[in-house]
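Residues per chain are reported as follows:
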Amino acid sequence: MGNLVWHQYARLVSITASVYCVWSSFWALIFRKFFWDFVGGTMRDPGGLQPSPGAAVFVTMIVKIPVIPIFAMLIGFGLLTIEFPLSFVKGTAIHRSIVIRMVLLFFQAFLTLLYYQGTNAGIYSLVALFCYTRAQMLGESMAEAKENRASDIFAKVSPQFEQARVSQDLLFFPSTVHEHEELGAKFEIRLCPALQKKPASPQLDLSAADSTPRDPFMPPYVPNLYVGELSDDDEHTDSHVVMLNKFSVVQNHFLLITKDYKPQTSPLLPLDLVRCYELIVAAHKVGQTYFAFYNCGDLSGASQPHKHLQLIPAPSSAGPPIELLAKATYVDKPDKPFSISHLPYSNHVIRLPNDLHNLPRDDLEEALANSFIALLDLGIATVRHTPDYAAQRPSYNVIITRDHIHLIPRGQEKFKLSATGENVSVNALGYAGMLLVKSEEELEAVKAESVAKILLETGLPIIDNSRLCSTIEAGE
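Okay, so let's go over this structure.

Reading the values: rules and limits
- The residue numbering used here restarts from 1 in each chain and proceeds along that chain's sequence as written.
- In view of the model being predicted, local features appear only for residues whose pLDDT reaches at least 70, and side-chain atom pairs are presented and counted only at 80 or more, with totals across whole chains, interfaces and linings using the full set of residues.
- To obtain the side-chain values, all non-hydrogen atoms of the structure were used and water was disregarded.
- Accessibility here uses a 1.4 Å probe with only protein chains present; expressed as a share of the type maximum, an area under 20% marks a residue as buried, one over 50% as exposed, and anything in between as partly exposed.
- Counting from the N terminus, the helices are the DSSP runs of H or I reaching at least four residues and the strands are the DSSP runs of E reaching at least two.
- By this definition, two strands are paired if DSSP reports at least two bridges between them.
- Like charges are joined within 9 Å and nonpolar side chains (Val, Leu, Ile, Met, Phe, Trp, Tyr) within 5 Å, but only among residues with over 30% relative accessible area and no salt bridge; these make up the patches.
- Surface exposure here means Shrake-Rupley accessible area, sampled with a 1.4 Å probe, where a residue is shielded only by the protein chains that are shown.
- By salt bridge we mean one thing: a side-chain nitrogen of Lys or Arg within 4 Å of a carboxyl oxygen of Asp or Glu.
- Every angle, taken between N-to-C directions, lies between 0 and 180 degrees, and every axis is a line fitted to C-alpha atoms, over only the stretch in contact when it is a helix.
- By definition, residues are in contact when any of their heavy atoms lie within 4.5 Å.
- Here a polar contact is recorded for every N or O atom pair within 3.5 Å, except that within protein the pair must consist of a potential hydrogen donor and a potential acceptor, and residues adjacent in sequence are included only if both atoms are side-chain atoms.
- Should an angle fall under 35 degrees it is called roughly parallel, over 145 degrees roughly antiparallel, and 65 to 115 degrees roughly perpendicular, with every other angle called oblique.
- For this classification, Asp, Glu, Lys and Arg are treated as charged, while Ala, Val, Leu, Ile, Met, Phe, Trp, Tyr, Cys and Pro are nonpolar and the rest, including Gly, are polar.
- We call Phe, Tyr and Trp rings a pair once their centres come within 6.5 Å, taking the six-membered ring for Trp, and we label the pair stacked below 30 degrees between planes, edge-to-face above 60, and tilted otherwise.
- Ring-over charges, as used throughout, are those where CZ of Arg or NZ of Lys falls within 6 Å of the ring centre and within 35 degrees of the ring normal.
- Crossings are sorted by hand: turned counterclockwise from the far helix by less than a right angle, the near helix makes the crossing left-handed, and turned clockwise it makes it right-handed.

Burial analysis of strand β5 (residues 185–191) places 6 of its 7 residues in the buried class, which makes it a mostly covered element. In this antiparallel pair of consecutive strands, strand β4 (residues 176–182) and β5, the connection spans 2 residues, and Leu183 shows a positive phi of 55°. Both β5 and strand β17 (residues 434–437) contribute to a ladder of 4 bridges, which runs parallel. Directly across from Leu191, in β17, lies its bridge partner Val437.

If you want it as structure tokens, here you go:
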């Protein structure tokens, strides 16, 4: 059997207690009686039990002017509004707070135990209060609070970005965007001459005497670059850190980083996918379109060996240029991977369910994990069918939007421009349709070479889908 999640059990008891409270307080308005009138009371014949003089205040507030039952009813309705949240309550700090529930249950128990009909409500309220107290002591968090953490984190990104830029903890490089139409899409080629003077990124240092990796994604964090942390629901520990990209060409570019060191050559895990998707959905809820990308492996264009995804605003509400092609592709089976047929390089895409963002956490995790595994199988099969692929761990790029996951196997990281002799590094952004160049000469050379040629030579050739499926089914 699994462990008892105290706050979930407490919620059920709290609902029961609050329903009892509302119902009992209604009848307490009709049949008014102070429950504890026998304490210190006097039995008279005739006249029956007469409350003691010390109980006069309670008799007044229950029998003469039923203030206590009315307040108990209001608290009961208040707790039901939180436990069965109305739209204006759901997702707020009140809805996510265990402490507020504890306070309301205390007063509900106190008030209902004063009048005759409220004893059951009072006992259930005390049980719920105990369970919520236990949950608080164990450090449990409301599920709604966890779901909302991504929204809280995303809300901090923009103001934190400005603060970091002003303090110069973040270096923002101005750029201009040039549209280039090719392959049925409007690619963006971003020209950023300032990158020629970009400081070298600090790299992971494994030369120290101890074996503990030290890198820019490990504590102590630069305060102005640190945005927040996202928690692992099962272990109640922080699993990911959100930080701003120190060297930014795009406004509000931020990173989702594993809190513990994991290599950038490792595949995305279910929790990585969930955290990333939650942030994309959080952006969508406030009218902004973000997408994420992951550079996996030595040939993917990754700049840091510590596992991290990157999230940036899309150039339009439809997403990055490649997303327009994915949305325009007809698929017979929406839950199966497909390829964008008129792209000249190997690409694997899967369409996410329309209601994915509304699914419970476990279902969301399963859907994202299954989608990614299906794409990863195809990507690895593509590598195995590429005869001249070097004997090394496969490299690939991943692009995640609200509607699709794209996976592109990689054959090499850089493309040498024949006109200038310069090497252009291509990462996932290039395959999202957003290339980056550092000079006017590079810009013209990229146009002359063609985006299709660059992406084909740094990617892998298309392999017949039936061969890929046969390889996967055979488990080769």
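Let us keep going from here.
With that settled, consider a nonpolar patch on the surface. On the surface, Trp23, Phe26, Trp27, Ile30 and Phe31 cluster together to form a nonpolar patch covering roughly 560 Å² of accessible area. Here Phe31 is to be found in the loop between α1 (6–30) and β1 (42–44).

Moving on to the sheet that holds β4. What links the strands of a sheet is backbone hydrogen bonding, and the strands pair in either a parallel or an antiparallel sense. If you walk across this open sheet you meet the 3 strands as β4-β5-β17, and the pairing is mixed. Each end of this open sheet is capped by a strand with a single partner; those strands are β4 and β17. Strand-to-strand twist in this sheet, taken as the mean axis angle between neighbours without regard to direction, amounts to 30°. Relative to β5, helix α11 (residues 440–449) is tilted by about 160°, and along the sheet it contacts β4, β5 and β17.

The subject of this paragraph is the side chain of Glu83. Along the polypeptide, Glu83 turns up in helix α3 (residues 67–83). Residue Glu83 is classed as buried on the basis of its relative accessible area, which comes to 1%. Separated by 2.8 Å, the side chains of Glu83 and Tyr132 make a polar contact. Among all residues touching Glu83, those that are not within four sequence positions of it are Arg11, Ser14, Ile15, Arg101 and Tyr132.

A separate point is the packing of helix α2 (residues 56–64) against α3. Two numbers describe how α2 lies on α3: the axes approach to 5 Å, and their chain directions differ by 65°. Accordingly, the angle class assigned to the pair α2 and α3 is roughly perpendicular. The segment α2 lies against α3, with Phe58, Met61 and Ile62 engaging Val67, Ile68 and Pro69. Within the contact of α2 with α3, the residues separate by chemical class into 6 nonpolar, no polar and no charged.

Within this structure, the stated rule accounts for 9 salt bridges. Between Arg101 and Glu83 there is a salt bridge whose closest N-O contact spans 3.2 Å. Taken together, the residues span a long stretch of sequence, with Arg101 in helix α4 (residues 98–112) and Glu83 in helix α3 at a distance of 18 residues. As far as burial versus exposure is concerned, Arg101 and Glu83 are alike and both buried. When the shortest N-O distance is used, the salt bridge between Lys259 and Glu229 registers 3.0 Å.

As a further point, take the packing of aromatic side chains. Tallied over the entire structure, the rule returns 19 aromatic pairs. A centroid spacing of 4.9 Å and a plane angle of 90° characterise the contact between Phe35 and Trp36, whose relative ring orientation is edge-to-face. The interplanar angle of 80° and the centroid separation of 5.4 Å between the aromatic rings of Phe106 and Phe107 together place this pair among those described as edge-to-face. The class of Phe107 is partly exposed, set by a relative accessible area of 44%. Put simply, the rings of Trp23, Phe26, Trp27 and Phe31 pair up and form one aromatic cluster. One cation-aromatic arrangement involves Arg11 over Phe84; the distance from NZ or CZ to the ring centre is 5.2 Å. Above the face of the Phe247 ring, Lys246 is positioned so that its terminal group lies 5.9 Å from the ring centre.

It is worth spelling out the packing of α4 against helix α5 (residues 119–137) at this point. Between α4 and α5, whose axes approach to 8 Å, the crossing angle comes to 155°. Our classification of the angle between α4 and α5 gives roughly antiparallel. Here the hand of the crossing between α4 and α5 comes out left-handed. Of the residues in α5, those in contact with Ile98, Val99, Arg101, Met102, Leu105, Phe106, Gln108, Ala109 and Thr112 of α4 are Thr119, Ala121, Gly122, Ser125, Leu126, Ala128, Leu129, Tyr132, Thr133, Ala135 and Gln136.

Right, let's talk about unusual backbone geometry for a bit. For the bond running from Pro219 to Pro220, omega is 0°, close enough to zero to count as cis. You will see that Gln168, though not glycine, has its phi angle at about 65°, which is positive. Mapped onto the elements of the fold, Gln168 is located in the loop between α6 (143–167) and β3 (171–172). Of note in this structure, Ser450 is not a glycine but carries a positive phi near 90°. Here Ser450 is to be found in the loop between α11 and α12 (451–458).

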